[in-house]
Amino acid sequence: MTGFEEYAALVRELSARQRGGEQAVAAEAERRRGLHAAADQLGQRLAAQGQRLDQLGRAIGGSASVTVPEGAPAVSVPASPGGAPPPGTGAGATGGAAAAPGRPEVGAYPEGTVPGPRAPEPDPAAELAAARQLADEADRYGQQAEAIGHRPMLLPTWSPAARAVAVYAACALAGSVLMCGAALSPANQAVGLGPVLAVACTGIPLLSFLAGHLILGRWGRPVIGGDLPSSRYVPLGFVICALLSPSLYCAVLVVTRLT
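Residues numbered from 1 in each chain as written. Predicted model: local features only at pLDDT ≥ 70, side-chain atom pairs only at ≥ 80, totals over all residues. Heavy atoms only, no water.

### Thoughts on the nonpolar core
Stage number 1. If you look at the biggest cluster of nonpolar residues, it comprises 9 residues: Ala 164, Val 167, Tyr 168, Cys 171, Ala 172, Phe 209, Leu 216, Ile 240 and Cys 241.
Stage number 2. Per element, the largest residue contribution to this core is 5 residues, and it comes from helix H3 (residues 160-183).
Stage number 3. Among the nonpolar cores identified, the runner-up in size contains 6 residues, and Leu 35, Ala 38, Leu 128 and Ala 135 belong to it. (Core = buried A, V, L, I, M, F, W, Y, C linked by side-chain atoms within 4.5 Å. Buried < 20%, exposed > 50% of the residue type's maximum accessible area, 1.4 Å probe, protein only. Helix = DSSP H or I, 4+ residues; strand = E, 2+ residues; numbered from the N terminus.)

### Describing unusual backbone geometry
Glycine aside, residues mostly have negative phi, and peptide bonds are mostly found in the trans state.
Stage number 1. Of note in the backbone geometry, Leu 155 takes a positive phi value of approximately 50° without being a glycine.
Stage number 2. Within the element layout of this structure, Leu 155 appears in the loop between helix H2 (124-149) and H3.
Stage number 3. Even without being a glycine, Tyr 233 presents a positive backbone phi close to 50°.
Stage number 4. Judged by relative accessible area, Tyr 233 falls into the partly exposed class, the value being 33%.

### Section: the packing of aromatic side chains
Stage number 1. Counted according to the given criterion, the structure contains 2 aromatic pairs.
Stage number 2. With a centroid separation of 5.8 Å and 10° between ring planes, the pair formed by Tyr 168 and Phe 209 is classed as stacked. In this pair, Tyr 168 sits in helix H3 while Phe 209 sits in helix H5 (residues 193-219), placing the two residues 41 residues apart along the sequence.
Stage number 3. Here Tyr 168 falls in the buried class, since its relative accessible area comes to 0%.
Stage number 4. The class of Phe 209 is buried, set by a relative accessible area of 10%.
Stage number 5. Taken together, a centroid distance of 5.8 Å and an interplanar angle of 85° make the contact between Phe 209 and Phe 238 edge-to-face. Separated by 29 residues along the polypeptide, Phe 209 in helix H5 and Phe 238 in helix H6 (residues 234-258) bring together distant segments of the chain.
Stage number 6. Judged by its relative accessible area of 47%, Phe 238 is partly exposed.
Stage number 7. Members of the aromatic cluster, joined through ring pairs, are Tyr 168, Phe 209 and Phe 238.
Stage number 8. Cation over ring: Arg 140 sits above Tyr 141, and NZ or CZ is 5.5 Å from the ring centre. (Phe/Tyr/Trp six-rings, centres within 6.5 Å; stacked < 30°, edge-to-face > 60°. Lys NZ or Arg CZ within 6 Å of the ring centre and 35° of its normal.)

### Describing the confidence of the model for the protein chain
Stage number 1. Looking at the protein chain as a whole, its pLDDT mean stands at 74, while 67% of the residues score no less than 70.
Stage number 2. Counted against residues more than four places away or in other chains, residues 62-102, with its pLDDT under 50, gives 47 contacts. (pLDDT = per-residue confidence, 0-100. Contact = heavy atoms within 4.5 Å.)

### Thoughts on H2
Stage number 1. For H2, with 26 residues, the first-to-last C-alpha span of 37 Å sits near the 38 Å given by 1.5 Å per residue.
Stage number 2. When H2 is considered as a whole, its buried residues turn out to be Pro 124, Glu 127, Leu 128, Ala 131, Ala 135, Gly 142 and Gly 149. (Expected span 1.5 Å × (residues − 1).)

Structure, rendered in structure tokens:
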């Protein structure tokens with residue numbers, strides 16, 4: 001092989017290495033642009049989560065704040081590959097002849113200051129993946145909290161109709177028990193049966209209905225969106241209280257008269 005052929009082969013090898021280096025630099029730049037774009041997208045997502053938590057906090061009458069969970073990785077994208085540590089920190093802070101040139105009394109590393117192995121640099125892609133997983137968990141818990149907030153505090157798993165029937169029936173039963181206790185007392189027996197029956201058939205059902213209506217209006221509406229009218233089932237509640245209270249009172253009265 002002549003000298004010119006050797007020169008041409010070296011030029012071709014140098015050109016191939018240069019092209020490989022340019023491709024590696026372009027690939028690294030593209031990777032960093034992708035990491036920065038993913039970090040920006042994650043930041044926007046976390047900002048939207050924070051706004052949603054603030055809205056939920058105001059809706060329930062409290063306050064919500066976004067905090068980084070303990071152990072969550074901090075996402076950082078290095079500015080340049082193989083960046084050296086800043087002066088005065090890390091391995092550069094270790095003393096020795098390199099840190100004090102021209103001082104022969106200083107050895108390579110003073111006694112007890114031999115640096116240990118440097119910790120590996122964190123992988124930005126792995127940190128972004130971990131942060132994205134935490135954001136997914138935050139979305140899931142936020143959706144669960146919002147679903148719970150759309151339920152009323154009173155019997156949250158019941159349907160609106162079943163809740164209304166239970167509340168009106170409980171109020172009617174409580175009113176009947178109180179009326180029976182008052183009617184069976186010696187003081188009220190002197191008044192006579194007519195006034196007692198009139199109160200039992202009119203006043204007690206009306207008071208029971210009003211009590212159930214107020215309870216459904218206060219605790220039967222959702223925590224979030226509570227400004228919307230709750231399902232109080234007024235006709236159904238009035239029928240339940242008008243039939244149940246007098247019926248229970250008359251049944252108790254008949255039993256007491258027969259015994």
